Structures are given as structure tokens and as C-alpha cells.
Amino acid sequence: MAIIALGYLGVRSDRLDDWSDFAGKLLGMQKIDRGGKALAFRMDDRVQRLLVSDEPGETLAFLGFEVASKDNLQSYAARLDAAGVRVHLGTKELADRRFVSDLIWFEDPMGNRVELFHAPMIASDPFVPGRPIDGFMTGPLGMGHAVLHVKDIEVMMPFYRDILDFHVSDYGLKPYGLYFFHLNARHHSFAMVGSGQAGFHHFMVEFQNLDDVGQGYDLAQLEEGRVAYTLGRHTNDYMTSYYANSPSGFFVENGWGGRQIDPETWEPHETHDGPSFWGHERLYLSEEDGRKRLRDMRLDAAARGKRSPPVAECPWLYGELAKQGGA
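A short tour of the structure in this document, coming up.

Cut-off values and rules
- Residues numbered from 1 in each chain as written.
- Predicted model: local features only at pLDDT ≥ 70, side-chain atom pairs only at ≥ 80, totals over all residues.
- Heavy atoms only, no water.
- Helix = DSSP H or I, 4+ residues; strand = E, 2+ residues; numbered from the N terminus.
- Expected span 1.5 Å × (residues − 1).
- Buried < 20%, exposed > 50% of the residue type's maximum accessible area, 1.4 Å probe, protein only.
- Arc of directions from axis to C-beta.
- Contact = heavy atoms within 4.5 Å.
- Pairing = 2+ DSSP bridges.
- Salt bridge = Lys/Arg side-chain N within 4 Å of Asp/Glu carboxyl O.
- Polar contact = N/O pair within 3.5 Å; in protein donor to acceptor, adjacent residues only side chain to side chain.

### A word on helix α2 (residues 70-82)
Phase 1: Between its first and last C-alpha atoms α2 spans 19 Å; for 13 residues at 1.5 Å apiece the expected length is 18 Å, and the two agree.
Phase 2: For α2, the set of buried residues is Asn 72, Leu 73, Tyr 76, Ala 77 and Leu 80. All buried residues of α2 project into a common sector of 135° when viewed along the axis, lining one side. Among the exposed residues of α2, those oriented more than 90 degrees off its buried face are Asp 71, Gln 74, Asp 81 and Ala 82.
Phase 3: For α2, the secondary structure elements touched by its buried residues are β1 (3-12), β5 (59-67), β7 (100-107), β8 (113-120) and α4 (153-163).
Phase 4: Gly 84 sits one or two positions beyond α2 and adopts a positive phi of about 85°.

Here it is in C-alpha cells:
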């Protein structure tokens, strides 16, 4: 796979103060001030994972996907050009703003800006989280995942699957179309919601410690309207998570324990149990707009005994980890 991970993303918003509190104090990212017109955030040893630019729109500005080698940029540029997609070579100024060596950018069929980049810059100083957390699951898994609303899956599917080589993990057709794609061992780095709309649905960050999710959930509940989905667990990637309303209106999933797969042997398939085993009550939805329907699917899955596979227990490993943590 030439595209290997979701490396970074950008948001347009004129609510920089709100994003400073949200990404730093709630999500636990490290805030980096890029000047009066932008805020950047770190999640690990990368110089930049999230960039919030002071622009109107309150939506996704760009998705940045990392490629394995510089040659991949030229290969994808040629493939996109052959498919009639206009490709732009990133200037040195743009590469410097993204803290990468090289990049190209283009728009998908629904106008979302996609950037492919190579050789991200590594910070010289250690990551310092915005609140006490053990850190995020990043590294070869990438930043997390991003999910788009789509009007026409028949147009978007071939673009990402056939041109960009995103690999289908699984898909569900009820209560609406959900399509998940992997780029590495993370169950999905990208997904599409067949909602008939356009725009950004959410991005996900995965914590190394479940307690970091729970403590963030406590903080989120102190703010009126901050929690969008209650704590729950997904049926396909087994992620335990809650969703927060971001300052820009889309959601951010705060998760732990996501499933990792073997991309070489994985077979795509249809799922039938709905999005969640339990929880994930959509507080932003009315009963008539689908909240009850999704709840009924969870209750039906529970009545049929559906649940994730048990986690293998290893007392020795648990003891060693406890020693390292000073427990």
C-alpha cells in the first residue's frame, strides 16, 4: 500500500480560543501557537497533527495522507491526472506550513481537499499533553481516522478505492450506508457515511489508556451540549468511545481499544448488527430522526448475544505493565 496512514488534518474556524480549549484541555493534544491566524496541535513526536486556521466555514479544510516514498507522489499524480483529476504540486511554502518534505494536493469528487505527503518532520522536543494522559495510539497507525458525509457513494467509492488504493474493511447498509477503509493495521483510517449530505462527519483520536477516555468524558459532561454520543462500543472495530461536539459543529470521537487487523489477509465483508454493541446514544438526534431506530438495533444485538471477542488475559504481562506504571 503506497498510502500508509492518515497523517494530519486541517480545520477552518474563526473560533481559535474554543479550539484551544477543546483540543488542548479536552482531547489532551499539545497546543503549538503558529501566530494569530492559526493554531496547531501535536499528538506525538510529529511537529504537527492538527491545524486550525482562522477562516470562516467551520469545516474540514484538508485531509493529509502519508505515502511510503517520494516516488509514490509522482505515481499518484499521474494516475489522478489520467482520471481527469487536476493535481497541484505543493509549493515549498506549503510544505513548510505542513512540516513535510513534499506533497501534492487535489480535490475528491465532492470537493474535499486531499493532500498526499512524504517525510513528515519530527520534533526535537518531547510531546507534552494538554492534560495528564498516557498518550495516543499513533506511529504506523497514523493520526486516527476521518469520516466524511457523502451524497453519492457510487462516485466516491471508486475514487478512494480504485484510484487511491484505499482498502475496504467492511460496510453496513442499515440504517444507512457506512463504508470503512484501512491503510494499515488500524481497522479503518477513513470512512464514508451515506447520509446524502456533504461535509465532515468526524475524526477519531485513540488514547493509550481507557482511563484517559473516561476522564475526558467526565470533563465533557461538565459542558452543556459537549457530548454528542454517549460512551459506547462499536461493532466493527470494537472501539470503546464517546463523541464530542467540536467547536466547528462536526464530531470528534475519543476512543480506546480499537481493533487491529492484518491487511495482507483481511477480507472485506458486510456487517449486519448496526454501528454499536451498546451505548453511543445520539444525543443530538430526535427520536423521529433515527435515535430510536439506532437504539433498537443495539437492543436487538444485545438480545442476540452479540459482543466483541474476549481480550486475551496475561497475568505476567499485566504485572510487568503495573510495575512500569508504579502501581
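Next comes the rest of the description.
### Notes on the pairing of β8
Phase 1: Direction of pairing for β5 relative to β8: parallel, over a ladder of four bridges. The residue of β8 that forms the bridge with Leu 63 is Val 114.
Phase 2: In this antiparallel pair of consecutive strands, β7 and β8, the connection spans five residues, and Gly 111 shows a positive phi of 90°.

### Considering the pairing of strand β9 (residues 145-149)
Phase 1: The buried fraction of β9 amounts to five of the five residues, a majority that puts the element mostly inside the structure.
Phase 2: A two-sided burial pattern is seen for β9, the buried positions comprising His 145, Val 147 and His 149 on one face and Ala 146 and Leu 148 on the other.
Phase 3: For β9 and strand β13 (residues 199-206), the ladder comprises five bridges, and the chain directions are antiparallel. Its bridge partner being in β13, Leu 148 is matched across the sheet by Phe 200.

### With respect to the pattern of salt bridges
Phase 1: As enumerated under the stated definition, the model contains 22 salt bridges in all.
Phase 2: A salt bridge links Glu 115 to Arg 98, with the nearest nitrogen and oxygen atoms 2.8 Å apart. One end of the pair, Glu 115, is in strand β8; the other, Arg 98, is in helix α3 (residues 92-98), with 17 residues separating them in the sequence. Assigned by exposure class, Glu 115 and Arg 98 land together as buried.

### Some remarks on α4
Phase 1: Of the residues making up α4, those classed as buried are Ile 153, Met 156, Met 157, Phe 159, Tyr 160 and Ile 163.
Phase 2: For α4, the capping residue at the N-terminal end is Asp 152, with a side-chain oxygen 3.0 Å from the backbone nitrogen of Glu 154.
Phase 3: Count one or two residues on from α4 and you reach Asp 165, which has phi positive near 65°.

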